[in-house]
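Architecture and fold: a report
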Amino acid sequence: MTTMTLITVAPTGAESTKEAVSALPVTLDELVSTAKECEALGASVIHVHIRDDNARPTLDLGRLRDTVAALRDTTDLIVQLSSGGAVTDPESDRLAVLDAAPDMASCTMGTVNFGDDVFLNRWAFIVDLHTRMQERGIVPEYEIFDLGQLTSLRRLLDKYGLPAGGHVHVDFVMGVPGGMPGTTEALVACHQALRDLPEGTSFSATGIGRSTIPVMLASLSAGGHLRVGMEDTITYAKGRPVESNMQLVARAVGFAQLAQRPPATTGEARQLLGLSARS
Ligand code: KMH
Ligand code: ZN
């Protein structure tokens, strides 16, 4: 059982609007100050979606490069860019995210219904993403929205080899309408399926919406890590909107400490994920 907890903050996402959620960080300044504060609280990884001048989701490469540079200048966080983007983003733009040279990028392991939309992840696209990340030394976080996607990951690794750094890390994204539910039972099923993946595969989990707390507790008890943030949850408690990403990170840190698995430092997180130390 691991003795520390990797805490990832996913502060923005592509789904909530600034009009509806005013606390959402959408400008580079807002993102950087959120990142700094979340790092100080105990986050070690930031999962990044960016917005344009109108606060709409974008995969603009110049902005992505500026974002990676700004986060590296001001924090020691591991910078993980989303290759998922928004459901409307074309595959070519999602692949081009890698040109911004992040430490990590997400790699979703299959197509899933996503509310009223479809989050499309064709096999050939997944292979492209995985092999390009291998070539460039970008460490993937494999996003798992449903149990069968772990079988696809096994197939991917069998056919195309281990990711850059040699360590496999997955994130269970639970409670998306169209994917697996955010329950202890579903997390246990995923945890058991990890037996078919390379020894030492690590996992984090996040529960969308009201499943955030049950998933957090289940993940900690199963030896998993945590992802929290306003990408996944905009309600802190019934009738109480989230005030900031820091509020969610602070709560995750509190749970991790209660579980006697304190937050990993950024250095420990790099080691765990197979990333080389920052020069
Ligand atoms: N915004 C979702 C359609 C990822 O970042 O890789 C996809 C997503 C997953 O958030
Ligand atoms: Zn995302």
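In short, a report on the structure. Since this is a predicted model, take the numbers as computed values, not measurements.

1. Regarding the overall build of the protein chain
A tally of helices and strands in the protein chain yields 9 helices and 14 strands. Its C-alpha radius of gyration of 17 Å places the protein chain within 12% of the 19 Å reference for a compact globule of 279 residues. Here the protein chain holds 279 residues, and 56% of them are scored as buried. Counting only contacts in the protein chain whose residues sit at least 6 apart along the sequence, the fraction spanning at least 24 positions is 72%. Looking at the protein chain as shown, the accessible area adds up to about 11,500 Å², and 51% of this sits on carbon and sulfur atoms.

2. Details of the site of ligand 1
Around ligand 1, the surrounding shell consists of Glu15, His47, His49, Ser82, Gly84, Gly85, Val87, Ser106, Thr108, Phe114, Phe119 and Glu231. Contacts to ligand 1 include Glu15, whose side-chain N or O atom sits 2.8 Å from a nitrogen atom. Here the shell around ligand 1 is composed, by residue class, of 3 nonpolar, 7 polar and 2 charged.

3. Details of the sheet that holds strand E9 (residues 139–144)
Spatial ordering of the closed barrel is given by E1-E2-E5-E6-E9-E10-E11-E12, a layout of 8 strands whose pairing is parallel. Going from strand to strand, the sheet's axes swing by 25 degrees on average, the running direction of each strand aside. The pairing of strand E2 (residues 45–48) with strand E5 (residues 78–81) spans 4 bridges and is classified as parallel. Pairing of His47 across the sheet is with Gln80, part of E5. Most of the contacts of helix H2 (residues 61–74) go to E5, to which it runs at about 160 degrees, and overall it touches E2 and E5.

Analysis parameters
Residues numbered from 1 in each chain as written. Chains lettered and ligands numbered in written order. Predicted model: local features only at pLDDT ≥ 70, side-chain atom pairs only at ≥ 80, totals over all residues. Heavy atoms only, no water. Helix = DSSP H or I, 4+ residues; strand = E, 2+ residues; numbered from the N terminus. Rg over C-alpha atoms; globule rule 2.2 N^0.38 Å. Buried < 20%, exposed > 50% of the residue type's maximum accessible area, 1.4 Å probe, protein only. Contact = heavy atoms within 4.5 Å. Areas by Shrake-Rupley, 256 points an atom, 1.4 Å probe, with all protein chains shown as cover. Near = heavy atom within 4 Å. Polar contact = N/O pair within 3.5 Å; in protein donor to acceptor, adjacent residues only side chain to side chain. Nonpolar A, V, L, I, M, F, W, Y, C, P; charged D, E, K, R; others polar. Pairing = 2+ DSSP bridges. Axes fitted to C-alpha atoms, helices over the stretch in contact; angles between N-to-C directions.

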